[in-house]
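Notes for the structure review
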Amino acid sequence: MAHKFEIYKDKAGEFRVRFKYNSEVMFSTEGYSSKASAQNAIDSIKKNGPGAPVEDNTTAQA
């Protein structure tokens, strides 16, 4: 599989989620106190991510 979500435990003992595409980490989440919360983050990204708008904050504001 070229892409996947991974749940892992960081050095502080918190659960985090990272999304990998072709073995490259595309993004990772904040730390969660439970594995269930990390799974909820994955479920939320899958549900809400496809329709999310792109906000470009790279242009200078006048």
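Residues numbered from 1 in each chain as written. Predicted model: local features only at pLDDT ≥ 70, side-chain atom pairs only at ≥ 80, totals over all residues. Heavy atoms only, no water.

**Brief notes about the overall build of the protein**
Helix and strand content of the protein: one helix and three strands. Traced from its N-terminal end to its C-terminal end, the protein shows the element sequence β-β-β-α. Here the C-alpha radius of gyration of the protein, 14 Å, is well above what a compact globule of 62 residues would show, namely 11 Å. Dimensions of the protein, computed from the C-alpha atoms along their principal axes, are close to 45 × 30 × 20 Å. Among the 62 residues that make up the protein, the fraction classed as buried is 18%. A separation threshold of at least 6 residues defines the contact pool for the protein, and within that pool the share at least 24 residues apart is 13%. Summed over all atoms, the accessible surface of the protein reaches about 5100 Å², with 50% contributed by carbon and sulfur. Positive and negative side-chain charges in the protein, numbering 9 and 8 respectively, have mean positions lying 10 Å apart. (Helix = DSSP H or I, 4+ residues; strand = E, 2+ residues; numbered from the N terminus. Rg over C-alpha atoms; globule rule 2.2 N^0.38 Å. Buried < 20%, exposed > 50% of the residue type's maximum accessible area, 1.4 Å probe, protein only. Contact = heavy atoms within 4.5 Å. Areas by Shrake-Rupley, 256 points an atom, 1.4 Å probe, with all protein chains shown as cover. Lys, Arg positive; Asp, Glu negative; His and termini not counted. Charge placed at Lys NZ, Arg CZ, Asp CG, Glu CD.)

**Here we look at the environment of Val 54**
Within the element layout of this structure, Val 54 appears in the segment after helix 1 (35–48). Judged by relative accessible area, Val 54 falls into the exposed class, the value being 80%. Placed 14 residues apart in sequence, Val 54 and Asn 40 show a C-alpha to C-alpha distance of 22 Å.

**Considerations on the sheet that holds strand 2 (residues 15–21)**
What the three strands build is an open sheet, ordered 1-2-3; its pairing is antiparallel. Edge positions in the sheet fall to strand 1 (3–9) and strand 3 (24–28), since each has one partner strand and no second. Here the average twist between neighbouring strands, direction ignored, is 35 degrees. Across seven bridges, the pairing between strand 1 and strand 2 is antiparallel. Its bridge partner being in strand 2, Tyr 8 is matched across the sheet by Arg 16. (Pairing = 2+ DSSP bridges. Axes fitted to C-alpha atoms, helices over the stretch in contact; angles between N-to-C directions.)

**Considerations on helix 1**
Relative to the 20 Å expected for 14 residues at 1.5 Å per residue, helix 1 spans 20 Å between its end C-alpha atoms, a close match to the ideal helical length. Restricting attention to buried positions, one finds in helix 1 the residues Ala 38, Ala 41 and Ile 42. Along helix 1, the residues classed as buried sweep out an arc of 95 degrees about the axis, all on the same side. Pointing more than 90 degrees away from the buried face of helix 1 are the exposed residues Ala 36 and Lys 47. In this structure, the buried side of helix 1 is in contact with strand 1 and strand 2. (Expected span 1.5 Å × (residues − 1). Arc of directions from axis to C-beta.)

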